[in-house]
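# Coordinate inspection notes
Each chain, letter by letter, is given below.
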Amino acid sequence: YQRRAREAVVSTQSTGELRQLLKKCASTSMCSKLIAYNKDFFSDMVVDAVMCLDTYLPLNMIGIKKVTGGSVTDSKLVKGVAFKKTFSYAGFEMQPKTYNQPKVLSLNIELELKAERDNAECRIDNVEEYQKIVDAEWNILYDKLDLMVASGAKIILSKLPIGDVATQYFADRDIFCAGRVTQEDLNRTVKACGGTILTTVNDIREADMGQCDLFEEVQIGNDRYNLFTGCPKAKTCTLILRGGAEQFIDETERSLHDAIMIVRRALKNDSIVAGGGAIEMELSKELRNYAKTIHGKEQLLITAYAKALEIIPRQLCDNAGFDATTILNKLRQKHAQGAKWMGMDITSEDIADNFEACVWEPSIVKKNALTAACEACCTILSIDETVKNPNSNYKAPNAMPGM
């Protein structure tokens with residue numbers, strides 16, 4: 001069956017044909033979703049998002065952000081990193097909101113004065129010594145801020161809070177800062193812009209900082225988002241989804257995730273087959289013809305495998321409420337005449353050329369499904385004995401009198 005499966009695929013080589021293939025695969029996965037009426041809009045977005053990635057197509061480099069409000073067609077693709085503006089103190093509005101080719105410094109340190117967590121005791125004799133302790137705490141903070149300014153960074157991100165003193169200090173020097181950045185967004189920014197997440201500022205090197213072509217803060221709906229575009233170190237993108245209700249946006253996210261996985265799979269393996277039971281019926285026909293050339297018990301095995309493949313179109317007919325016997329008889333006739341892409345058509349309650357109807361699936365998915373089914377069957381057949389748990393309501397015989 002593997003040799004027959006390799007023959008019944010279509011491979012694309014041209015870039016233009018490949019993009020159309022990916023778009024149609026994404027549209028097919030959205031046909032049964034809530035966003036089916038906007039599948040052309042989202043299929044372009046999904047294909048552009050996957051094409052933004054590098055050769056390995058890492059899924060974690062595609063960020064999805066949800067903004068309630070607006071129309072679903074207000075959703076957009078940002079070819080870079082985007083995350084929601086974090087909590088900020090007074091002085092934040094004085095900071096610039098647009099930078100060209102800025103240096104990005106990512107930190108995991110706290111830039112504000114807080115009470116010590118550990119129990120500490122300091123004995124002093126006069127007020128001057130107390131003032132020295134207070135001044136020392138402020139000097140430690142200002143020394144950190146001076147080192148970050150001296151590094152030349154224009155964008156400073158931190159996983160931990162950045163206090164009001166540090167916010168105003170950076171604003172006076174035309175530096176943008178953001179604290180309480182989530183770990184996922186900070187990691188994606190580092191992978192995209194370069195550099196590393198520092199836990200100290202005592203030795204900031206040029207290699208520790210990242211860079212992007214453009215940074216800007218924009219208003220999207222009722223929220224403000226920080227956008228990093230033109231990231232040189234890695235190819236990444238962010239999908240910003242809009243919608244009137246939170247439940248609808250969540251369903252849109254799940255639908256786009258399915259479409260992204262299909263497009264990634266199709267891009268890694270650029271061969272497709274027609275769905276709707278077409279490839280199963282074609283393989284069943286080929287196996288039946290191949291079984292006639294074999295003598296012995298293997299012929300029975302191959303024939304049974306061919307019959308099992310017809311379960312897929314039969315189940316599709318049952319799910320749609322059609323007469324499975326009539327549909328399967330038509331499919332057998334068409335496939336015997338050489339129409340290998342004929343499959344079930346739910347809209348017309350008949351059969352149709354599903355390749356022309358763009359009902360496609362990556363061939364690797366079908367191969368993996370057949371392989372998994374064979375392995376599961378072989379595992380079951382290899383079991384020669386089972387152990388059955390005795391009935392739980394079993395009653396022991398009555399005890400002897402006097403016991």
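Fair warning: this is a prediction, and the values are worked out from it, not measured in the lab.

Looking now at the packing of aromatic side chains. Inspection of the entire model under this criterion finds nine aromatic pairs. Seen from their ring centres, Phe41 and Phe42 are 5.1 Å apart, and the 80° between their planes marks the pair as edge-to-face. With relative accessibility at 30%, the residue Phe41 sits in the partly exposed group. Here Phe42 falls in the buried class, since its relative accessible area comes to 0%.

Running from N to C, helix α10 (residues 311-320) and helix α11 (residues 324-336) cross one another at 140°; their axes reach a closest spacing of 9 Å. Of the possible angle classes, the one that applies to α10 and α11 is oblique. Where α10 crosses over α11, the two elements pack in a sense that is right-handed. Facing α10, whose interface residues are Pro313, Arg314, Cys317 and Asp318, α11 presents Ala324, Thr325, Ile327, Leu328, Leu331 and Arg332.

Residues at a pLDDT of 70 or more form 90% of the protein, whose mean pLDDT is 84. Between residues 5-13, whose pLDDT stays under 50, and residues either more than four places distant or in other chains, the model counts 22 contacts.

Moving on to the sheet that holds strand β3 (residues 76-78). As summarised here, the arrangement of the three strands in space is β2-β13-β3, forming an open sheet in which the pairing is mixed. Only two strands of the sheet have a single partner each, and these edge strands are β2 (62-68) and β3. For this sheet the average axis-to-axis angle between neighbouring strands, irrespective of direction, equals 25°. Bridge count between β3 and strand β13 (residues 237-243): three bridges; the pairing is antiparallel. Note on β13: the bridge partner recorded for Leu77 is Leu239. Each of β2, β3 and β13 touches helix α3 (residues 39-51); the most contacted strand, β3, lies at about 10° to it. The sheet contacts of helix α7 (residues 246-268) involve β2 and β13, and relative to β13 the element is tilted by about 145°.

Take the environment of Lys307 next. For Lys307, the location among the structural elements is in helix α9 (residues 298-309). In sequence terms Lys307 and Lys292 are 15 residues apart; their C-alpha atoms lie 14 Å from each other.

This part covers the state of the cysteines. Within the structure shown, the criterion is met by zero disulfides. For Cys231, which is in no disulfide, the shortest distance to another cysteine sulfur is to Cys193 and amounts to 3.9 Å. Judged by its relative accessible area of 14%, Cys231 falls in the buried class. In this structure Cys237 is not part of a disulfide, and its nearest cysteine sulfur, from Cys52, lies 4.9 Å away.

When you line up the elements, Gly69 lands in the loop between β2 and β3. Placed 128 residues apart in sequence, Gly69 and Ile197 show a C-alpha to C-alpha distance of 34 Å. For Gly69, the residues in contact, after removing those within four places along its chain, are Arg242 and Gly243.

Tallied over the full model, the rule gives 18 salt bridges. Linking Lys66 and Glu253 is a salt bridge whose minimum nitrogen-to-oxygen distance equals 3.1 Å. One end of the pair, Lys66, is in strand β2; the other, Glu253, is in helix α7, with 187 residues separating them in the sequence. Between Lys285 and Glu286 there is a salt bridge; the shortest N-O distance is 3.7 Å.

Our next topic: the nonpolar core. Ranked by size, the top nonpolar core spans 45 residues in total, and within it Met30, Phe42, Val46, Leu239 and Leu256 carry the most contacts. Those elements giving two or more residues to this core turn out to be α2 (15-30), α3, β13, α7, β14 (271-274), α8 (278-291) and α9.

Time to look at the packing of α3 against α7. One way to put it is that α3 packs onto α7 with a least axis distance of 9 Å and a crossing angle of 55°. It follows that α3 is oblique to α7 by the angle criterion. Judged by the twist between their axes, the crossing of α3 over α7 is right-handed. On α7, the residues that touch Phe42, Val46, Val50 and Met51 of α3 are Thr252, Leu256, Ala259, Ile260, Val263, Arg264 and Leu267. Here the residues of the contact of α3 with α7 are counted per class, giving nine nonpolar, one polar and one charged.

Let us now look at empty space enclosed by the protein. Under the counting rule described, the total for this entry stands at two cavities of 30 Å³ or more. As a volume, the largest cavity reaches approximately 80 Å³. In this structure, the largest cavity is lined by Lys85, Thr86, Phe87, Ser88, Tyr89, Phe92, Ile162, Thr167, Cys177, Ala178, Gly179 and Arg180.

A word on the sheet that holds strand β5 (residues 98-100). Overall, antiparallel pairing links the four strands, which are arranged β4-β12-β11-β5 in an open sheet. In the strand order of this sheet, the two ends are held by β4 (80-84) and β5, each with one partner. With strand direction ignored, the average angle separating the axes of adjacent strands in the sheet is 25°. Direction of pairing for β5 relative to strand β11 (residues 214-220): antiparallel, over a ladder of three bridges.

Cut-off values and rules
- Residues numbered from 1 in each chain as written.
- Predicted model: local features only at pLDDT ≥ 70, side-chain atom pairs only at ≥ 80, totals over all residues.
- Heavy atoms only, no water.
- Phe/Tyr/Trp six-rings, centres within 6.5 Å; stacked < 30°, edge-to-face > 60°.
- Buried < 20%, exposed > 50% of the residue type's maximum accessible area, 1.4 Å probe, protein only.
- Axes fitted to C-alpha atoms, helices over the stretch in contact; angles between N-to-C directions.
- Helix = DSSP H or I, 4+ residues; strand = E, 2+ residues; numbered from the N terminus.
- Parallel < 35°, antiparallel > 145°, perpendicular 65-115°, else oblique.
- Left-handed = near helix turned anticlockwise from the far one by under 90°.
- Contact = heavy atoms within 4.5 Å.
- pLDDT = per-residue confidence, 0-100.
- Pairing = 2+ DSSP bridges.
- Disulfide = S-S within 2.5 Å.
- Salt bridge = Lys/Arg side-chain N within 4 Å of Asp/Glu carboxyl O.
- Core = buried A, V, L, I, M, F, W, Y, C linked by side-chain atoms within 4.5 Å.
- Nonpolar A, V, L, I, M, F, W, Y, C, P; charged D, E, K, R; others polar.
- 1 Å grid on protein atoms, 1.4 Å probe; cavity = no way out; pocket = protein on both sides within 12 Å on 5 of 7 lines; lining within 4 Å.
- Points joined across faces, edges and corners; volume = space filled by probe spheres on them.

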